[in-house]
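Take a look at the letters that make up each chain.
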Amino acid sequence: MSAARTCCLAGLLAYTAACGDAATPDTSSPARPEAATASRGSTDAVALLPDVAAEAHVDFVHTHGGTGAKFLFETMGSGVAAADFDGDGLPDLLFVQSGTLPPDDFSAADCALAGHATGTTARLYLNAGTAGGELRFRDATAGSGLDVALYGQGVAVGDVDGDGDRDVYLGCYGRSHLFLNDGHGRFTDTTAQSGIVDPPWTTGGAFFDADGDGDLDLYSVAYLDMPIASHVVCGPSKDIRTYCHVDLWPGLDDHLWINDGTGHFTDGSAAAGLPGTTGKGLAVAAEDLDDDGDLDLFVANDSQANLLLRNDGSGRFTNRARESGTDLNGEGRSEACMGVAAADLDGDGDGDIYVVNFQQERNTLYRNEGGLFFTDVAVSSGAGVPGMQSLGFGVAALDIENDGDLDLYVANGHIFDNVEEAEHGATWKQVDQLYLNDGRGHFKLAPGSWGPSLSEPRVGRGLATADFDRDGDLDLVVSNSNDRPWVLRNDAATGHRIVLRLRGPSGRADAEGAVVRLTAGGRELVRTISPGGSYASHMDTELVIGLGDAKTVDRLSIRWPGAGTSELLSLDADCRYDIAFGGEIVSKTTLPALAEAR
């Protein structure tokens, strides 16, 4: 158990069984952009990240279904996916829903004990483009095949049958499910035929090519072995009841499911070397951390040592967390890790790891020193200490201003809905945080005036990014527990950019694991299509790369997964490129000037 979480929860656990050095920011950095109006054409508020959920017709409300019994799974959901599900080139939204214990997975006695309502389902919103400059979605849940009642937690997206569209895996409390897409946003539940038989609580996963055979395998993240009948009552007194600590239940084994190319999977966990790596997993990020051409895995565990699974290229993994310095924080302590982002945060060309943690624990930034060795720079980077007053879940590394460096957005929210009664100064609803990068891996918080999500508290969980309005910058969506989501339009970006859609091999929709290196304006930038990451969520795979003042990309190289490297020269900035596997440009579209898009 993490030391900080032990301190926070000591009083809460007392009643369990009885009741049944910061761096100076670079002052030469470009000035931050001025605030824009919250709604285009509106002058009643200003924000750089306005919430446009209502005007975009996104009316989803998450519900956990709890009635006061305090089952831990109620407070852990849920995630969100951003991806083009209907093949029209526009990223859509899929919100994972909790609330319902499906009777096929749980006995009548279990359902009665939990006392949950029934009928809530995931919600699919298809992107209808923009009208009058405003983003629009339409609810396409009914008849989509995703309108089935599950106790959802997380989501992974990938083209598992290689037919050019994106399929969906839902991690659940209960059975996980695999849905195959017909290419038009209609899905068929193929769980029974898929071969995937996960543990009874999975929080999500990542589709990636583990064994280099050109199709997408699945790493599923498992959490706690917590049957409903194992429920106990926790709290600091008879009058205050809380969710219990994870230490009361054993963890479950993660699984690696190997794809035969058609969407049928076999359990490859033993052959991959995964037995013995049991944890209490909440998130996984796939990134080539040792720069050897294949994707490695970082697994964020709750109150246990993390995993860093090095891929040898054939799909066999070795846990190198202890040797690499990523199993614990720099003080040698495990942390209650919730979400993870893996990307080049300090601009030196290799993938770093950022983990968000429980309240009163710093968020942890592991800087990649090369050779699969990492240093905890949470304090000196400025990205750690501000997180101590919050409980982080979803996290994304994105270039919010298109200035060429990656910033960090964190969705915050406590797990105890009555924490105010049990812990002085703590709150259930919390504001999110945006850490702005100075270009060298030093961060400072953006002010609350940037947008409502940074100033108005909700209970943040899942987080995903995509260029929803096609203006050449990354927007964000945050799924909030028992509440409405944030749909945040990015009005902060002012720099030039290049947008890349990289197609996968043999007709596969995306090139997960592709590594892009580009030179522009005297800088080299590295970006990867990294599956997984965040918490229980899926980021759109299109790469939006900020270029700052550069108007031309001098050189762009793409290291394709399992297929060598292609190179393109003298590419125009402010364009969207669709590139086939191997490097041929299929299409080029000029992006609107950001001032016009506003």
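Residues numbered from 1 in each chain as written. Predicted model: local features only at pLDDT ≥ 70, side-chain atom pairs only at ≥ 80, totals over all residues. Heavy atoms only, no water.

1. Quick notes on the overall build of the chain
Consideration 1: Secondary structure assignment for the chain yields eight helices and 39 strands.
Consideration 2: Taken across its 598 residues, the chain has 63% of its residues classed as buried.
Consideration 3: Accessible surface, the chain as shown: approximately 19,800 Å² in total, 51% of it carbon and sulfur.
Consideration 4: Of the charged side chains in the chain, 41 are positive and 91 negative, and the gap between their average positions amounts to 3 Å. (Helix = DSSP H or I, 4+ residues; strand = E, 2+ residues; numbered from the N terminus. Buried < 20%, exposed > 50% of the residue type's maximum accessible area, 1.4 Å probe, protein only. Areas by Shrake-Rupley, 256 points an atom, 1.4 Å probe, with all protein chains shown as cover. Lys, Arg positive; Asp, Glu negative; His and termini not counted. Charge placed at Lys NZ, Arg CZ, Asp CG, Glu CD.)

2. Structural notes on the side chain of Asn490
Consideration 1: Mapped onto the elements, Asn490 comes out in the loop between strand S31 (486–488) and strand S32 (496–502).
Consideration 2: Looking at Asn490, its side chain comes within polar contact range of the main-chain nitrogen of Ala493, at 3.4 Å. (Polar contact = N/O pair within 3.5 Å; in protein donor to acceptor, adjacent residues only side chain to side chain.)

3. Comments concerning the sheet that holds strand S18 (residues 296–301)
Consideration 1: Ordered by their spatial adjacency, four strands build an open sheet running S17-S18-S19-S20, and the pairing between neighbours is antiparallel. Only two strands of the sheet have a single neighbouring strand rather than two, namely strand S17 (281–287) and strand S20 (317–319). Direction aside, neighbouring strands of the sheet carry axes that sit 20 degrees apart on average.
Consideration 2: One ladder, built from three bridges, connects strand S19 (residues 307–311) with S20; its direction is antiparallel. Directly across from Asn311, in S20, lies its bridge partner Phe317. (Pairing = 2+ DSSP bridges. Axes fitted to C-alpha atoms, helices over the stretch in contact; angles between N-to-C directions.)

4. Describing the state of the cysteines
Consideration 1: Applying the stated criterion to the full structure yields one disulfide.
Consideration 2: The disulfide partner of Cys234 is Cys244, and the gap between their sulfur atoms is 1.9 Å. Since a negative S-S torsion denotes a left-handed disulfide, the Cys234-Cys244 link at about 105 degrees is right-handed. Separated by 10 residues along the polypeptide, Cys234 in strand S13 (residues 234–237) and Cys244 in the loop between strand S14 (240–242) and strand S15 (255–259) bring together distant segments of the chain. Each of the two residues, Cys234 as well as Cys244, counts as buried.
Consideration 3: With no disulfide of its own, Cys172 lies 14 Å from the sulfur of Cys111, the closest cysteine sulfur.
Consideration 4: Exposure remark for Cys172: the relative accessible area of 1% places this residue in the buried category. (Disulfide = S-S within 2.5 Å.)

5. Some thoughts on the sheet that holds strand S3 (residues 80–83)
Consideration 1: On the basis of which strands lie adjacent, the open sheet formed by four strands has the order S3-S4-S5-S6 and antiparallel pairing. In the strand order of this sheet, the two ends are held by S3 and strand S6 (134–139), each with one partner. Neighbouring strand axes in the sheet, compared pairwise and without regard to direction, differ in orientation by 25 degrees on average.
Consideration 2: Here S3 runs beside strand S4 (residues 92–95); their pairing, made up of four bridges, is antiparallel. Within S4, the residue paired with Val80 across the bridge is Phe95.

6. A short note on unusual backbone geometry
Consideration 1: Residues Gly77 and Ser78 are joined by a peptide bond in cis, for which omega reads 0 degrees.
Consideration 2: Of note, Ser78 is situated in the loop between strand S2 (46–47) and S3.
Consideration 3: One non-glycine residue with positive phi stands out, namely Arg470, at about 60 degrees.
Consideration 4: Inspection of the secondary structure puts Arg470 in the loop between strand S29 (460–466) and strand S30 (475–480).
Consideration 5: Under the relative-accessibility criterion, Arg470 is labelled buried at 17%.

7. Things to note about the pattern of salt bridges
Consideration 1: For the structure shown, the criterion picks out 30 salt bridges.
Consideration 2: Notably, a salt bridge pairs Arg123 with Asp59, separated by 2.7 Å at the nearest N-O pair. With Arg123 in strand S5 (residues 123–131) and Asp59 in the loop between S2 and S3, this residue pair connects regions lying 64 residues apart in the sequence.
Consideration 3: The salt bridge involving Arg559 is made with Asp288; its shortest N-O contact spans 2.6 Å. One end of the pair, Arg559, is in strand S36 (residues 552–559); the other, Asp288, is in the loop between S17 and S18, and 271 residues separate them in sequence. (Salt bridge = Lys/Arg side-chain N within 4 Å of Asp/Glu carboxyl O.)

8. Let's talk about the packing of aromatic side chains
Consideration 1: Taken as a whole, this structure holds 18 aromatic pairs when the rule is applied.
Consideration 2: In textbook terms, an aromatic cluster arises when at least three aromatic residues are bridged by ring pairs, as seen for Phe71, Phe73, Phe106, Tyr151, Tyr173, Trp201 and Tyr223. (Phe/Tyr/Trp six-rings, centres within 6.5 Å; stacked < 30°, edge-to-face > 60°.)

9. Topic: the nonpolar core
Consideration 1: With 40 residues, the main nonpolar core has Val58, Leu93, Ile400, Tyr409, Leu434 and Trp450 as its most contacted residues.
Consideration 2: Here Leu93 is in contact with Val58, Val80, Ala81, Arg123, Leu124, Tyr125, Phe137, Phe468 and Val477, once residues within four sequence places are set aside.
Consideration 3: In terms of nonpolar packing, the next biggest core, distinct from the first, is built from 36 residues, Trp201, Tyr243, Cys244 and Phe416 among them. (Core = buried A, V, L, I, M, F, W, Y, C linked by side-chain atoms within 4.5 Å. Contact = heavy atoms within 4.5 Å.)

10. What to know about the pairing of strand S38 (residues 575–579)
Consideration 1: For S38, a buried count of five out of five residues is recorded, marking the element as mostly surrounded by other parts of the structure.
Consideration 2: Covered by surrounding structure in S38 are Cys575, Tyr577 and Ile579 together with Arg576 and Asp578, the residues of both alternating faces.
Consideration 3: Of the strand pairs in this sheet, S32 and S38 are connected by five bridges, and their pairing is parallel. When the sheet's bridge partners are listed, Leu500 is paired in S38 with Tyr577.

11. Points about the environment of Arg138
Consideration 1: Residue position: Arg138 is located in strand S6.
Consideration 2: Between the alpha carbons of Arg138 and Tyr125 there is a distance of 5.3 Å; along the sequence they are 13 residues apart.

12. A look at the confidence of the model for the chain
The predicted structure's coordinates, where accompanied by low pLDDT, should not be read in detail.
Consideration 1: Put simply, the chain has an average pLDDT of 91, and 92% of its residues get 70 or more.
Consideration 2: In this model residues 1–44 is a low-confidence stretch, pLDDT under 50, and it forms 107 contacts with partners more than four residues away in sequence or in other chains. (pLDDT = per-residue confidence, 0-100.)

13. Considering the environment of Gly315
Consideration 1: Relative to the elements of secondary structure, Gly315 occurs in the loop between S19 and S20.
Consideration 2: Judged by its relative accessible area of 9%, Gly315 is buried.
Consideration 3: Along the sequence, Gly315 and Leu297 sit 18 residues apart, while their C-alpha atoms lie 11 Å from each other.

14. With respect to the environment of Ile228
Consideration 1: Within the secondary structure, Ile228 sits in the loop between strand S12 (217–222) and S13.
Consideration 2: The sequence separation of Ile228 and Gln430 amounts to 202 residues, and the corresponding C-alpha distance is 29 Å.
Consideration 3: Every residue in contact with Ile228, bar those within four places of it in the chain, is listed here: Phe71, Phe73, Leu101, Phe106, Asp110, Leu113, Ala114 and Tyr173.

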